[in-house]
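So you can see what is in the structure, the chains are spelled out below.
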Amino acid sequence: MKIEQITTLADRWSEADVAGGNGLDLLVYQSRLIGSEPQLVLWGGGNTSLKLEERDYRGRSCQVLRVKGSGSDLKAVEPRDFPAVRMDDVLALFEREEMSDEDMVEYLQFALLDPRAPRPSIETLLHAFVPARSVVHSHADAILALTNNTRSDAILNEVFGAELALVPYLRPGFGLSKLVGQAARTRPDLKGVILLNHGLITWHDNPREAYRLHLEMVNRAARYGQSVAVSTHPALTVPGPARRREIAARLAPLLRGLVSRQQPLVARFDDSEDVLRFVSGAVLGLERTRAALQAGAATPDHILNVKRTPLWIEPASLDDEQKLAQDTRTAIESYVEEYRAYFERYQQGEPMLAPMPRVVLVAGLGMFTLGKDSRSAGISADIAHHTFAIMERAEQTGAYRSLPPEEAFRAEYWPLELYKLQLAPPEKQLSRRVVLITGAAGAIGAAIARRFAAEGAHVVCADIDLPRAEELAAELTRAWPHNRALALALDVTDEEAVGAAYQRIQCEYGGLDVLVANAGIAHSAPLDTLSLEDWQRSLAINATGHFLVVREALRVMKAQGIGGSLVFIATKNVPAPGKDFGAYSASKSAQAQLARVAALEGGPSGIRSNIVNPDAIFRGSGLWSPQVRTERARSYGIDASQLEEFYRQRNLLHVNVRAEDVAEAALFFASAHSSRTTGSMLPVDGGLREAFPR
Ligand code: ZN
């Protein structure tokens, strides 16, 4: 990840790109330019608008405001993301003294030119009340470094003089819109306003000029304090990258478990350069780092993703494992206690949101961000990176400060945001869960990976064949973006490789909820001709390989303390061994017995362990190589071409078993639907009397 720093931004408007574009096209173009600068807006932040003349459903000409819809992201915005609001309807509101958020949202719904359009931004009235045609609003880091500053008044006056008006902090809504509208109307010379603790608005009749002005103001802010010398001597010694990851991987499951008691979160470790600089006190020293963090998030918007404050853990030693664990426990407990107190102090009857931190900073080590999925943990991380840059810059020119806790609370518990949470679709069976699948590139592994990803899981596709695992992870990522799938090269017989794989998973997602122990090989030969080498290879992969992977899974799951599920893909050969399939049947039976012992040992920790017994799967299976097919056909005294039909006819339902059928059984064991089942065996074989579990 690149280092976030406040820099000046280049004007990227190109007349060639917009030649011939009409009003709405210009707005889309301008918006994407703003959205593509993370120093201006992050993840749905900021908004833009343009006043145009359009025709209504009866062809009558009318003045409208095209304004960003709620929930869209400027960097990828499309024309349809800008609902048109009738100007005469919204301008009528300027005369009012006040209006609640709920009334405003409802009113805007009626003012839409096309009632099917998305809901317009909560800052719509602000855009409408400014007379200029084009309005641009961002939460630029450079501006926030000056507004979130104990010297903000003096600095802002020095930098912007009378060109921009300063608007004191008010939550977005009618009151703020009216203040901005009044400023714009009483001072036609104004180029825009600065919203304290919030961001910048610029305007102009021409969209190109509104954009240019925006950059000019942001760049002026960015240059302020740029020349102040920055110390780069860390207050703490930071361990090297390998050691850092080792410590972080060990800490992650404990941390994840502690914050996941009510609902699991994924935890993502980040030790990029700017994080390390910040958490080692390199720029601010430890005392000022602590104070800046305690002052709170940079904007009300950010609070939704990073809470008012992060959790800061300052361990006595990173090397003393037990002490670090204890420090982490204590730190989380006191964070939760403080959050409860903050909630009790300001609540007005709302239900309490999760009291857990979303950003955890470990002094001298790095940052963990927590979220319901990898996307949300990633958003928190992005915001944290930008917040560090803002804090560092503010501390260079004054001291960082932010909203008073009461305002922060009102932002976190803003009814419109709470309402959005209620509208969120119900979570899927494996949402918030992390799953490791071994042998993921094979037919069964891939079917399970696809099924689990569709159910919301974070899927680690581990296989000895890395290119195929990568192909699968890429396919899943296309369908489920934002880091929901990860490919790992894994030889399950290699103890060190297994350890390294888990370390990676723990840094990426914080831990593990489900292991699908699926990697396996099939070897067919009668016992009297079976070589020792083939026998040992079968045992190494089908038995020892599962032991190594399960051992780590149990360690991680026990450290988390939130249960877990182990799903073993065994075979119909476990209860009903096959002739000439000695190495396979014996080694898979060892796997099944391992699964049962895992059920015995995992039970007290809420870790379930179950077995799926498929019969042969032909379609897409690597297990059934031409050689194995020929050998199996010979054992049954049939031709290899008849094999599939033979397997179909021998079961009660006369069906071929598909990888997707196995995936359904695995999903049952992985999900809460089987929460009362452990140590069991489920056949997926079309019904084979000799393989009935007994
Ligand atoms: Zn805003």
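These numbers come from a predicted model, not from an experiment. (Residues numbered from 1 in each chain as written. Predicted model: local features only at pLDDT ≥ 70, side-chain atom pairs only at ≥ 80, totals over all residues. Heavy atoms only, no water.)

Caption draft 1: Spatial organisation of the overall build of the protein. Scanning the protein for helices and strands turns up 25 helices and 18 strands. For the protein, the C-alpha atoms occupy an extent of roughly 95 × 70 × 50 Å along the three principal directions. Counting only residues that meet the buried cut, the protein has 58% of its 694 residues in that class. A sequence separation of at least 24 residues applies to 73% of the contacts in the protein between residues at least 6 apart. If you average the places of the 77 positive and of the 85 negative side-chain charges in the protein, the two averages end up 3 Å apart. (Helix = DSSP H or I, 4+ residues; strand = E, 2+ residues; numbered from the N terminus. Buried < 20%, exposed > 50% of the residue type's maximum accessible area, 1.4 Å probe, protein only. Contact = heavy atoms within 4.5 Å. Lys, Arg positive; Asp, Glu negative; His and termini not counted. Charge placed at Lys NZ, Arg CZ, Asp CG, Glu CD.)

Caption draft 2: Region of the structure containing empty space enclosed by the protein. In this structure the tally under the stated criterion is three cavities of 30 Å³ or more. Computed from the structure, the largest cavity encloses a volume of approximately 110 Å³. Around the largest cavity sit 14 residues that line it, and L293, V306, P310, T387 and M391 are the ones nearest its centre. Among the elements that take part in the lining of the largest cavity, helix α15 (residues 374–397) stands out by supplying four residues, more than any other. Counted by class, the lining of the largest cavity contains nine nonpolar, three polar and two charged residues. Its volume calculated, the second largest cavity comes out at about 40 Å³. Residues belonging to the lining of the second largest cavity are distributed by class as follows: five nonpolar, two polar and one charged. (1 Å grid on protein atoms, 1.4 Å probe; cavity = no way out; pocket = protein on both sides within 12 Å on 5 of 7 lines; lining within 4 Å. Points joined across faces, edges and corners; volume = space filled by probe spheres on them. Nonpolar A, V, L, I, M, F, W, Y, C, P; charged D, E, K, R; others polar.)

Caption draft 3: Spatial organisation of the pairing of strand β5 (residues 164–167). For β5 and strand β6 (residues 192–195), the ladder comprises four bridges, and the chain directions are parallel. The residue of β6 that forms the bridge with L166 is I194. The parallel pair β5 and β6, bridged by helix α8 (residues 174–186), forms a crossover whose chirality is right-handed. (Pairing = 2+ DSSP bridges. Right-handed = clockwise from strand over helix to strand, strands pointing away.)

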